[in-house]
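Structural features, examined
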Amino acid sequence: MNPDAIQIVESEPKHFGTGWISGVLSVCLGAVGLLAVLCFHYPALLTMPELRAMYPVPYVRALLFLILTASFVLGGISIYLRRSRSIGGIGILLTMIAVMFGGSSVPVDGELGNGPFLGLDWFLLNIIAFSAIFVPIEHRFPLRREQPIFREFWKTDLAYFFVSHLFVQFVTIVTLRPAMIFFDWATIPAVRTFVGGQHYVIQFVGIMIIADLTQYWVHRAFHQIPFLWRFHAIHHSAQTMDWLAGSRLHLVDIAFTRALSYLPIYLLGFAEGPLFAYIIFVSFHATFIHSNFRFEFGPLKWLFATPRFHHWHHTADLTFADKNFAVHLPFIDRLFGTYYFPRTEWPERYGVDDPGVPSSGFFAQLSYPFGRKATPTDES
Ligand SMILES: [Zn+2]
Ligand SMILES: [Zn+2]
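Residues numbered from 1 in each chain as written. Chains lettered and ligands numbered in written order. Predicted model: local features only at pLDDT ≥ 70, side-chain atom pairs only at ≥ 80, totals over all residues. Heavy atoms only, no water.

Running from amino to carboxyl end, helix H2 (residues 20-41) crosses helix H7 (residues 120-140) at an angle of 150°, the nearest separation of the two axes being 9 Å. The angle between the axes of H2 and H7 places the two elements in the roughly antiparallel class. Remark: the crossing between H2 and H7 carries left-handed chirality. For the pair H2 and H7, contact is made by Val32, Leu35, Ala36, Leu38 and Cys39 and by Leu120, Asp121, Phe123, Leu124 and Ile128, respectively. Of the residues in the contact of H2 with H7, the class split is nine nonpolar, no polar and one charged. (Axes fitted to C-alpha atoms, helices over the stretch in contact; angles between N-to-C directions. Helix = DSSP H or I, 4+ residues; strand = E, 2+ residues; numbered from the N terminus. Parallel < 35°, antiparallel > 145°, perpendicular 65-115°, else oblique. Left-handed = near helix turned anticlockwise from the far one by under 90°. Contact = heavy atoms within 4.5 Å. Nonpolar A, V, L, I, M, F, W, Y, C, P; charged D, E, K, R; others polar.)

Further remarks concern the environment of Ser261. Mapped onto the elements, Ser261 comes out in helix H13 (residues 251-268). Given the relative accessible area of 11%, Ser261 is considered buried. Through-space distance from the C-alpha of Ser261 to that of Arg61 is 39 Å; in sequence the pair is 200 residues apart. Sequence-distant contacts of Ser261, that is, excluding residues within four places in its chain, are made with Ala211, Thr214 and Gln215. A distance of 2.7 Å separates a polar side-chain atom of Ser261 from the backbone oxygen of Thr257. (Buried < 20%, exposed > 50% of the residue type's maximum accessible area, 1.4 Å probe, protein only. Polar contact = N/O pair within 3.5 Å; in protein donor to acceptor, adjacent residues only side chain to side chain.)

Now for the coordination of the zinc ion (ligand 2). Within the protein, the zinc ion (ligand 2) binds to His235 (NE2), His290 (NE2), His310 (NE2) and His314 (NE2); these donor distances fall in the range 2.1 Å. Taken together, the four donor atoms coordinating the zinc ion (ligand 2) span angles of 93 to 158° at the metal, a pattern that classifies the geometry as irregular. All donors of the zinc ion (ligand 2) come from a single chain, and their spacing in sequence reads H-x54-H-x19-H-x3-H. In this structure, the zinc ion (ligand 2) lies 5.9 Å from the zinc ion (ligand 1). Linking His235 in helix H12 (residues 226-236) with His290 in the loop between helix H14 (272-288) and helix H15 (300-303), this pair joins segments that are 55 residues apart in sequence. Here the two residues His235 and His290 agree in accessibility, since each one is buried. (Donors = N, O, S within 2.8 Å, 3.2 Å for Na, K, Ca; no water. Tetrahedral: all angles 85-135°; square planar, octahedral: opposite > 155°, others 65-115°.)

Take a look at the structure:
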């Protein structure tokens, strides 16, 4: 595509009736359909063993058929309505490739085992669920009206979302194994039996409080120790806040924070059921607090972290830096003197006050903490 053509694509209107919405939907559905077909083709490599047995395969195939048909039709509508045919064309191309690989009648190939795998199905389920929840509420109740869904650097944040879900096996291992391998000696059987025997709701609340207390201090260390800050600065490099921005986390940040937060949960012996419920809850709540969602939650906002509470953690204004480290419970910040929650205001700007931190690019950000430290002459 030549630069003039790109200019046409960017300058064409995007409101309803221009073929933009149908084109975007066609590309999204075509991509989901193609990736789902690949999951059928290579289930041993691309799907989670824990999820395989739970799929109602005939219904998944029927849904896949609907998705591919919708992508094709919407691509056609976009081509008809829009001067630039590229977006509708990409949607139809993705659908055609999915059909070439077998479409909705794709056979399930290969022996299923419990070896190394990539969570492509886990990524698809999460991207569908989170976008279905957050895209409509951010559109209906936005904090900033001018913020589009495909805002600046969305591709970087989608790359983080993709990688953290695709490598779910690796992330689970680095989260759970260190506690089991290195701290098994510190467990007290009587304590584990007592804690694991409590009602599930009590255990869930216990996990939330203990994990957030640990997370608070690990998070604070990531802010205050310069070497660790180089990793955590990546999370704060986001200049636009929405549900996808919360995914922007360096892998070292994810591994350390989660492994240390899990350590007391393991030592105390919480049961698998409440722990699994908490993992689902934390993935939702951590996404929610980054969202571009201006709704207030009455008195609940004093109890649970809301988008406005966590947005202040991301403010670019240094006057309010290093506040609101808790992910779930604002009282932890009150307890340790880092609480900041004005009655109605939101931050004006987000991001880090350091031009050395790359503002986008997954690989540039991945390698940034390991690079040479910037010196005053570099900045001149
Ligand atoms: Zn932080
Ligand atoms: Zn954050």
